[in-house]
Amino acid sequence: MDDGGTRGARGTSVASLRRQVRQLWREVLKFGAVGGAGIVVNLLVFNLVRTVSDLPVVRAGIIATMVAIAFNYVGFRYFTYRDRDKSGRTREMGLFLLFSAVGLVIENGILYTATYGFGWDTPLQSNFFKFFGIGVATLFRFWSYRTWVFRTLPGPAAEAERFLEQRTERQHPQPVPGTREAHGVRGAGATSLSGQRTR
């Protein structure tokens, strides 16, 4: 057994895991920065619409969410996920609008339930449940955007890791099931246990 090769493979796996954790942490911070600004935009528009118009609370919430969606797309595309695949903008925009619409339903569904289901419709209560709905919808958006909308491109680190894995496989190939090597059978001309060469 090649202990050096095993330790090398284990070290590569640990380094890869650490790199993925660091990348995820940076992504969460950037997503949070854009999302936080989007929350401010959402709540400001929500309260502005309620102040200057007589629209029902849920309609005001939907308008605010739509403005925040447009704001967030610019932030995610050109800040959080600026290094992601840009080749399929039509597909990206379609999926972004789809998942944003689901988030809109989650966010304002909570507001609707609080307002018309429980009668919690004071300005303070409306803002609280609007904020709470944004938080729940944000979890869904983070998962959907990073998984489906802004696709990851294989970077140099990923290519290097793939090269090392292929190199390790070439140096230590696994025996194919059903072959003589897999069952420990020596080939012709191999030395037997008695020290004599087999025919």
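To start, this report covers the structure provided alongside it. (Residues numbered from 1 in each chain as written. Predicted model: local features only at pLDDT ≥ 70, side-chain atom pairs only at ≥ 80, totals over all residues. Heavy atoms only, no water.)

Comments concerning the pattern of salt bridges
1) Next: Under the definition given, this model contains 5 salt bridges.
2) Next: We note a salt bridge from arginine 77 to glutamate 92, for which the minimum N-O separation is 2.3 Å. One end of the pair, arginine 77, is in helix α2 (residues 57-80); the other, glutamate 92, is in helix α3 (residues 89-117), with 15 residues separating them in the sequence.
3) Next: By relative accessible area, glutamate 92 is classed as buried at 2%.
4) Next: Ionic contacts of the salt-bridge type, sharing partners, join the residues Arg77, Arg89 and Glu92 into one network. (Salt bridge = Lys/Arg side-chain N within 4 Å of Asp/Glu carboxyl O. Helix = DSSP H or I, 4+ residues; strand = E, 2+ residues; numbered from the N terminus. Buried < 20%, exposed > 50% of the residue type's maximum accessible area, 1.4 Å probe, protein only.)

Structural notes on α3
For the α-helix, the turn length of 3.6 residues means that residues three or four positions removed from each other point alike.
1) Next: Taking 1.5 Å per residue as the helical rise, α3 with its 29 residues ought to reach 42 Å, and the 40 Å between its terminal C-alpha atoms agrees with that figure.
2) Next: Listing the buried residues of α3 in full gives Glu92, Leu95, Phe96, Phe99, Ser100, Gly103, Leu104, Glu107, Asn108, Leu111, Ala114 and Thr115.
3) Next: Positive backbone phi, at 75°, marks glycine 119, one or two positions downstream of α3. (Expected span 1.5 Å × (residues − 1).)

Regarding the packing of aromatic side chains
1) Next: What the rule picks out here adds up to 18 aromatic pairs.
2) Next: Their ring planes at 10° and their centres at 5.3 Å tell us that tryptophan 120 and phenylalanine 129 sit as a pair that is stacked.
3) Next: A relative accessible area of 34% places tryptophan 120 in the partly exposed class.
4) Next: Judged by its relative accessible area of 16%, phenylalanine 129 falls in the buried class.
5) Next: The ring of phenylalanine 46 is capped by lysine 130, whose NZ or CZ atom sits 5.7 Å from the centre of that ring. (Phe/Tyr/Trp six-rings, centres within 6.5 Å; stacked < 30°, edge-to-face > 60°. Lys NZ or Arg CZ within 6 Å of the ring centre and 35° of its normal.)

Looking at the packing of α2 against α3
1) Next: Running from amino to carboxyl end, α2 crosses α3 at an angle of 145°, the nearest separation of the two axes being 9 Å. Where α2 crosses over α3, the handedness of that crossing is right-handed. Along its contact with α2, which presents Val57, Val58, Gly61, Ile62, Thr65, Met66, Ile69, Asn72, Tyr73, Phe76, Arg77 and Tyr78, the element α3 presents Arg89, Glu92, Met93, Phe96, Ser100, Leu104, Glu107, Asn108, Leu111, Tyr112, Thr115 and Tyr116.
2) Next: Here the contact of α2 with α3 is composed, by residue class, of 14 nonpolar, 6 polar and 4 charged. (Axes fitted to C-alpha atoms, helices over the stretch in contact; angles between N-to-C directions. Left-handed = near helix turned anticlockwise from the far one by under 90°. Contact = heavy atoms within 4.5 Å. Nonpolar A, V, L, I, M, F, W, Y, C, P; charged D, E, K, R; others polar.)

As for the side chain of lysine 130
1) Next: Along the polypeptide, lysine 130 turns up in helix α4 (residues 123-149).
2) Next: Relative accessible area serves as the criterion here: at 0%, lysine 130 is assigned to the buried category.
3) Next: In terms of polar contacts, lysine 130 uses its side chain to reach the backbone carbonyl oxygen of glycine 61, at 2.9 Å.
4) Next: In contact with lysine 130, not counting residues within four places along its chain, are Asn42, Leu43, Phe46, Gly61, Ala64, Thr65, Glu107, Asn108 and Leu111. (Polar contact = N/O pair within 3.5 Å; in protein donor to acceptor, adjacent residues only side chain to side chain.)

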